[in-house]
Amino acid sequence: MRVAVIVVWRPKNFPDWTGRTGELAKRIPGPLAGDGGAAPYVGIHIASLLPRDWEITLVHEMVRDADPEMDVEAVFLSTMDFCAPRARDLGRRFRARGVKVIVGGLYPTLNPEYFSDSADAVVVGEAEGVMPRLIEDLRRGDLSPRYEASTLSDLSDLPVPRYDLVETDFKVTMPYEATRGCPFTCSFCVLSAIRVPYRRRPIPNVLRDISNIPSGWDWRQRKYLIFWDNNLGADRRYFRDLCEALVPMKRIWGTETSIDTVTPESARLMGRSGCRFVYIGLESLSQESLKNSNKRQNKVAEFKRRLGYLHDNGVMVMSIFLLGLDGDTPEYIERLPEMIHEIGVDVPVISFAAPIEGTTFYNDLRSNDRLLPGDILGGMDGMHLVYKPLNISPDELEIALMQCMRKLYSPGFVARRVARRLRTGFWGGLSNATANVFYAAFQRSLSNAGLERIRNRGPWPG
Ligand code: B12
Ligand code: SF4
């Protein structure tokens, strides 16, 4: 059978999610605009669950748009919420040509009805358990409209992902998965809507995947790897064993973990095993906002000390901050760039909190009539304000986000961040400078595009 696995993303020509059609927005560097750094894990994983004798084309829309005219008999679409309108459009266009459409992922799990006229089958929950029956039904031409995983997937025998199908357009790392889920339930996180217990894969299987490098990859793709997990460090013992197992592999790696998992011991092991960058959702420097978001594991007073453990071991920290949480005031937002610098974040990223359907955050906003009326799915990329904030006006908050981005990536702030890391070593300084130069162009272009969009639109439409 000839099929395509498509990881749906913002198509390059989509009108106004980021305003990238505007002149200023065109200056966003290609790899970042298309999120073309590292491939996601989901596409190569879904492809690995399909029969080996099928002819599979893998399309990551981060690097190229899917072609609805492509010559296939079936497509497997994976989508998050803000890409769902695009997934639905693609689904309709494939179906109009008689191509069978199967949709799965985080958003179809939350809202399968959304795809009722754009998919032949919607997969709710994890893929592994339902795939054998789905494949059989597809072969027989008799798909059911809904496939729902009745049990949690067994992660002990996942096949090696189809690394051989990844487009060479991705710039650096290849993705791996060691754990699934997260022990926490932060109110804005999709995992508070889709509750799955925290699970780990056997470490030998993870190492097996890492060693399965197709010939023809360049040295960077062999050397660098990223664990696209939600919270890799959540099980301390497992994390320690994984780090120890990685030491002899001599790789450079990065991951995501929560701040409470960072201790002198874990940071030392991370450094020793080659971890050089970590993505930590600090989310806010207002303890009030963190408390309201049920992110109790994040203690603002500990941030600086814990980030220091990582820096001491050569690990660069990238962190996202959400603007517009319920404890945020204009004074807090005004001070935020300086506070972020003060705690030592190397690469800060700022966005609005996105109220993902089904989360506690979304439900609270909806029941208090604070959501923007109409269809907000397309605006859920963190760059559009889709709800009424509590302690600041929406118009002020929109401008504040753009200004925060500009300030954090002003030459002065970038220079201070790079200089700080240079003092701890040449390589740390160099990678920090590279990341900051990229992100400066990205965040400044996003903020220019956002301001342009707000100017053209006028006051906040809610
Ligand atoms: C890689 C990644 C990205 C990549 C690409 C996204 C993508 N489409 O994969 C990048 C870096 C671009 C990205 C960006 C963002 N991301 Co992201 N990302 C991830 C990450 C780390 C891994 C995704 C992955 O491959 N998972 C592994 C697969 C196996 O899990 P899964 O997707 O749930 O798939 C299972 C099932 O859903 C199902 N399934 C999935 N697809 C399909 C398809 C078919 C056909 C079938 C049958 C089944 C099926 O089967 C799978 C296996 O059982 C996840 C965290 C995580 N570990 O999931 C966050 C995550 C998805 N991201 C998240 C967020 C918040 C974001 C941002 C909004 C952050 C921000 N504010 O900037 C941005 C997007 C905004 C923007 N830039 O415009 C959230 C939730 C997003 C959401 N809206 O639902 C997550 C869950 C992280 C978190 N815990 O907060 N992200
Ligand atoms: S710690 Fe991160 S992954 Fe876990 S629930 Fe909170 S936001 Fe989601």
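Conventions and cut-offs
Residues numbered from 1 in each chain as written. Chains lettered and ligands numbered in written order. Predicted model: local features only at pLDDT ≥ 70, side-chain atom pairs only at ≥ 80, totals over all residues. Helix = DSSP H or I, 4+ residues; strand = E, 2+ residues; numbered from the N terminus. Rg over C-alpha atoms; globule rule 2.2 N^0.38 Å. Buried ≥ 20, exposed ≤ 12 C-beta atoms within 10 Å, placed from the backbone. Contact = placed C-beta atoms within 7 Å. Near = placed C-beta within 6 Å. Nonpolar A, V, L, I, M, F, W, Y, C, P; charged D, E, K, R; others polar. Domains from an automatic or database assignment. Pairing = 2+ DSSP bridges. Axes fitted to C-alpha atoms, helices over the stretch in contact; angles between N-to-C directions. Core = buried A, V, L, I, M, F, W, Y, C linked by C-beta atoms within 7 Å. Right-handed = clockwise from strand over helix to strand, strands pointing away. Expected span 1.5 Å × (residues − 1).

### Description of the overall build of the chain
Okay, step 1: A tally of helices and strands in the chain yields 16 helices and 14 strands.
Okay, step 2: Its C-alpha atoms give the chain a radius of gyration of 22 Å, near enough to 23 Å, the size a compact globule of 462 residues would have.
Okay, step 3: Viewed in the frame of its principal axes, the chain has a C-alpha envelope of about 60 × 55 × 40 Å.
Okay, step 4: Per-residue burial over the chain gives 45% buried out of 462 residues.
Okay, step 5: A separation of at least 24 residues holds for 75% of the contacts in the chain among residues at least 6 apart in sequence.

### Topic: the site of ligand 1
Okay, step 1: Close to ligand 1 lie 35 residues, the nearest being Pro40, Ser78, Gly104, Glu126 and Ala127.
Okay, step 2: Those elements that place two or more of their residues in the shell around ligand 1 are α2 (42–48), β3 (74–78), β4 (100–104) and α4 (106–110).
Okay, step 3: In terms of residue class, the shell around ligand 1 is built from 19 nonpolar, nine polar and seven charged.
Okay, step 4: Looking at which domains feed residues into the shell around ligand 1, each of domain 1 (2–148) and domain 2 (171–457) gives three or more.

### What to know about the sheet that holds β4
Okay, step 1: The six strands lie next to each other as β2-β1-β3-β4-β5-β6, forming an open sheet whose pairing is parallel. Of all the strands in the sheet, the pair left with one neighbour each is β2 (55–60) and β6 (146–148). Geometrically, the sheet is characterised by an average inter-axis angle of 15° between neighbouring strands, direction not taken into account.
Okay, step 2: One ladder, built from five bridges, connects strand β1 (residues 2–7) with β3; its direction is parallel. Bridged to Ile6 within β3 is Leu77.
Okay, step 3: In this fold helix α3 (residues 84–96) packs onto β3 and β4, with an angle of close to 160° to the strand it touches most, β4.

### Details of the environment of Arg199
Okay, step 1: Mapped onto the elements, Arg199 comes out in strand β9 (residues 199–200).
Okay, step 2: As a C-alpha pair, Arg199 and Leu155 span 44 residues in sequence and 7.7 Å in three-dimensional space.

### What about the sheet that holds strand β10 (residues 224–227)?
Okay, step 1: Ordered in space as β7-β10-β11-β12-β13-β14, the six strands form an open sheet in which the pairing is parallel. Both edges of this open sheet fall to β7 (174–176) and β14 (347–352), since each of them pairs with a single strand only. Taking each pair of neighbouring strands and ignoring which way they run, the sheet shows an average axis angle of 20°.
Okay, step 2: Across the sheet, helix α14 (residues 394–408) is in contact with β13 (316–323) and β14; its angle to β14 comes to roughly 170°.

### Some thoughts on the nonpolar core
Okay, step 1: With 125 residues, the main nonpolar core has Ile6, Val75 and Leu323 as its most contacted residues.
Okay, step 2: Top element by residues in this core is α14. It accounts for seven residues.
Okay, step 3: Each of two domains, domain 1 (2–148) and domain 2 (171–457), supplies a minimum of three residues to this core.
Okay, step 4: Not counting the four nearest positions on each side in its chain, Ile6 is found in contact with Val59, Glu61, Ala66, Val75, Phe76 and Leu77.

### As for the pairing of β10
Okay, step 1: Across three bridges, the pairing between β7 and β10 is parallel. Counted as the bridge partner of Pro175 is Ile226 from β10.
Okay, step 2: Note that β10 and strand β11 (residues 252–256) share four bridges and pair parallel. Within β11, the position partnered with Phe227 by the bridge is Thr255.
Okay, step 3: Regarding topology, helix α8 (residues 236–246) serves as the crossover connection from β10 to the parallel β11, and that connection is right-handed.

### Some thoughts on unusual backbone geometry
A negative phi angle characterises most non-glycine residues, just as the trans form characterises most peptide bonds.
Okay, step 1: In this model, Glu283 sits at a positive phi of 70°, which is unusual for a non-glycine residue.
Okay, step 2: Along the polypeptide, Glu283 turns up in strand β12 (residues 275–283).
Okay, step 3: Residue Glu283 is classed as buried on the basis of its 21 C-beta neighbours within 10 Å.
Okay, step 4: One non-glycine residue, Asn294, lies in positive phi territory at about 55°.
Okay, step 5: By the secondary structure assignment, Asn294 is in the loop between α10 (287–292) and α11 (300–312).

### Observations concerning the domain arrangement of the chain
Okay, step 1: Domain parsing of the chain yields domain 1 (2–148) and domain 2 (171–457).
Okay, step 2: Each of domain 1 and domain 2 has a C-alpha centre, and the two are 25 Å apart.

### Quick word on the site of ligand 2
Okay, step 1: The local shell around ligand 2 consists of Cys182, Phe184, Thr185, Cys186, Cys189, Leu191, Asn230, Asn231, Ser258 and Gly281.
Okay, step 2: Broken down by class, the residue content of the shell around ligand 2 amounts to five nonpolar, five polar and no charged.

### Looking at α3
At 3.6 residues per turn, the α-helix brings residues three or four places apart onto the same side.
Okay, step 1: The end-to-end C-alpha distance of α3 is 18 Å, a good match for the 18 Å that 13 residues give at a rise of 1.5 Å each.
Okay, step 2: Downstream of α3 by a residue or two, Gly98 has a phi angle that is positive, lying close to 85°.

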